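Chain by chain, the residues:
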Amino acid sequence: TEKLQLTLTNYEFPSNYFISVEKDKVPILHIFFVPFAAILALAAWGIASSYRNRLTNWPLYAFVLAGLLVLLVFYAGSRYRLPLAIFLVIFAGEGLWNLVQQWQKRKLAFAGIAMTAVTLLISAVFTSVPLAKRYAFTTALGYRNLGESWLTPWRQGDVEIPGNHKESRAALTKSLTIFEKHGLFDLTPVVAEALADIYRLRGDAWLKAADSPEAHRVQALDSSIQDYRAALRFGPPAPSKFGKLAFAFLQRAEATRAEQDERRSLLDSALLYVRIWKAADSLFADPIALEGDIQLATGDTARALDIYRLLTTRAPGFEPVYRLMAAIYLRKADTSHALETYFSLLNVDSTNVFANLGIGDIYLARRDTAHAIFRYERAATADTLALLPPLKMSLINVTRGRHAEAANILQRAVRRIEANHRFRSAILHSPPDAALYSELKLRLCLAFMNLDRWDEAARQAREVLEFAPNHRTALQLAETIRQKVIPTFVLW
């Protein structure tokens, strides 16, 4: 009965694609505006009016009958009735033409009109309220999937297909609007789980919006907190939801310019949720690390260091924790403990780039350039595409007057990056990395200028201006080179 109901209804139930969602993005789909119920009604009269030609039309009758039987057994989505619709359209055309002929002869064709009306009535009866809610629910899930797809590139680190938090929020909001419009808040387990998932995703979108330069950060974070709370209210209390809420409160506290009492209240809320998360996921390192971040934000560096030290024993090699510990020690000018932190990370991962760079920076501050260069070389060997090691080694060589050696180091680094097109694309899509890459090429430009290699210097400045047209240093170097030896048309 249910399969027959789904077959005869006017709704387009999805299997792989959500037609309502697709119509929003593909306007040409609105051309096919004739509903299935209208085709079915006209086809019913067409079959009746063409009965006198049954000996000729028996293959079509056979296809329609076979299609109905298949749907009654295997119905899975509206696209399964498309083969049946092809033959129904033939009979629908016959029925429509018969009605037109009857009208032209001034015959009212009561039988045809009655049969068409009865078929439409049957379709309307089959289109029951539970079925309408079911269709609305599947449409809402379609918009939910669309909203998640706009967030997926950030999660997967895909830079060639950029994410869009605005499109994601719009799709997820439309999904929630459908829930509200059709009264779907009956909180059955399936609906509650779907609502919690939608609110969680929209909270992720708001959190991503807070990182964008054009967004109102405080407003975006408030919206994120509101959605994460709604996700907790509707769905099962998964531990990660408490973690997301704690992180949102921490970001909100860092972003606020309000009074100290409000900031403290936000941090207390973050601490409450992260402790709930830690109690539920006691084996994971993330809640412990986030608790340390919150303690650090409150100004309790001693408590933060205790938490981070505990975490290094629970999860050795968790690099973000070592970064924070080293930063705290360096802020206190305690380079000995900072070195100890870096070396403890190297004991777990001997090729760690961050640890080697940190040790090299401390040695360089102590004017021990030999050990500093050794550590920078270790970092460059561990990650041949890293930007900082060649920069730091070139600066040391420049201070020593070794411009040729500095140029060779930078040139090798630039060539390795340019040979890896995907990595270069990722750099240019990340503002901090793009700034470092610009500095790398401009340092190479300066090294070429010191060696009187003006053509190569001009090329480096020009390439920086291709992806950063308003870069002030690049413009100044390009103008200096132009005035020195190169005609304008060669440079530009």
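Before reading further, recall that the structure is shown in the block above.
Nothing here was measured: the structure is a model prediction, and the numbers come from that model.

A.B. asks: Requested: an account of unusual backbone geometry, with residues and values cited.
C.D. replies: Despite not being glycine, R367 shows a phi value in the positive range, around 65 degrees. Relative to the helices and strands, R367 is located in the loop between helix 17 (353-365) and helix 18 (369-382). Exposure remark for R367: the relative accessible area of 76% places this residue in the exposed category. Even without being glycine, D452 reaches a positive phi, approximately 60 degrees.

A.B. asks: So, the packing of helix 11 (residues 239-255) against helix 12 (residues 260-280): which residues are in play, and what are the values?
C.D. replies: Direction vectors running N to C along helix 11 and helix 12 enclose 160 degrees, while the axes themselves pass 8 Å from each other. Between helix 11 and helix 12, the interaxial angle falls into the category roughly antiparallel. In this structure, the crossing between helix 11 and helix 12 has a hand that is left-handed. Where helix 11 approaches helix 12, its residues P239, S240, F242, G243, L245, A246, F249, L250, R252, A253 and E254 are matched on the opposing element by E262, R263, L266, L267, S269, A270, Y273, V274, I276, W277 and A280. Broken down by class, the residue content of the contact of helix 11 with helix 12 amounts to 15 nonpolar, three polar and four charged.

A.B. asks: Which residues make up helix 15 (residues 319-331), and what are the values?
C.D. replies: Taking 1.5 Å as the rise per residue, helix 15 with 13 residues should run 18 Å; its terminal C-alpha atoms sit 18 Å apart, in good agreement. For helix 15, the complete set of buried residues consists of V321, Y322, M325, A326, I328 and Y329. In an axial view of helix 15, the angular spread of the buried residues amounts to 160 degrees, which keeps them on one side of the axis. If you follow the buried residues of helix 15, they end up packed against helix 13 (286-298), helix 14 (301-314), helix 16 (335-348) and helix 17. One or two residues past the end of helix 15 sits A333, with phi positive at roughly 60 degrees.

A.B. asks: Describe the side chain of R263, listing the residues and the values that go with them.
C.D. replies: Along the polypeptide, R263 turns up in helix 12. Residue classification places R263 among the buried positions, given a relative accessible area of 18%. Side-chain polar atoms of R263 contact the backbone oxygen of A253, separated by 3.4 Å.

A.B. asks: Any chance you could break down the packing of aromatic side chains for me, citing the residues and the numbers?
C.D. replies: Under the criterion given, the structure shown has seven aromatic pairs. Each ring, one from F63 and one from F87, has its centre 4.5 Å from the other, and the planes form 5 degrees; the classification is stacked. Taken as a pair, F63 in helix 4 (residues 54-74) and F87 in helix 5 (residues 82-104) lie far apart in primary sequence, 24 residues in all. Every member of this aromatic cluster is reached through a ring pair, and the members are F242, F249 and Y273. Of note, R169 hangs over the ring of W206, and the distance from its end group to the ring centre comes to 4.0 Å.

Criteria and cut-off values
Throughout this description, residue numbers start from 1 for each chain and increase along the sequence as written. Totals for whole chains, interfaces and linings use every residue, but because this is a predicted model, local features are given only for residues with pLDDT of at least 70 and side-chain atom pairs only at 80 or more, for both listing and counting. Side-chain measures here rest on the full set of heavy atoms in the structure, leaving out hydrogens and waters. Put simply, DSSP H or I for four residues or longer makes a helix, DSSP E for two residues or longer makes a strand, and each gets a number counted from the N terminus. Only protein chains enter the calculation, and the probe is 1.4 Å; a residue is then buried if its accessible area is under 20% of its type maximum, exposed if over 50%, and partly exposed in between. All axes here are fitted lines through C-alpha atoms, helices being fitted over the stretch that makes contact, and every angle between N-to-C directions spans 0 to 180 degrees. Orientation categories follow fixed angle ranges, with anything under 35 degrees roughly parallel, anything over 145 roughly antiparallel, 65 to 115 roughly perpendicular, and all other angles oblique. For a crossing to be left-handed, the near helix must be turned anticlockwise from the far one by less than a right angle; the clockwise case is right-handed. Contact criterion: two residues are considered in contact whenever any of their non-hydrogen atoms come within 4.5 Å of each other. Classification used: nonpolar for Ala, Val, Leu, Ile, Met, Phe, Trp, Tyr, Cys and Pro, charged for Asp, Glu, Lys and Arg, polar for all others including Gly. One fewer than the residue count of a helix, multiplied by 1.5 Å, yields its expected span. Directions pointing from the helix axis toward each C-beta atom define the arc. Residues adjacent in sequence count toward polar contacts only when both atoms are side-chain atoms; beyond that, a polar contact is any pair of N or O atoms within 3.5 Å, and within protein one must be able to donate a hydrogen and the other to accept it. Each pair of aromatic rings taken from Phe, Tyr and Trp, with Trp reduced to its six-membered ring, is defined by centres within 6.5 Å and is described as stacked if the planes are under 30 degrees apart, edge-to-face if over 60, and tilted in the remaining cases. Remark: a charge is flagged as sitting over a ring if the NZ atom of Lys or the CZ atom of Arg is within 6 Å of the ring centre and within 35 degrees of the ring normal.

None of this, on its own, says anything about what the molecule does.
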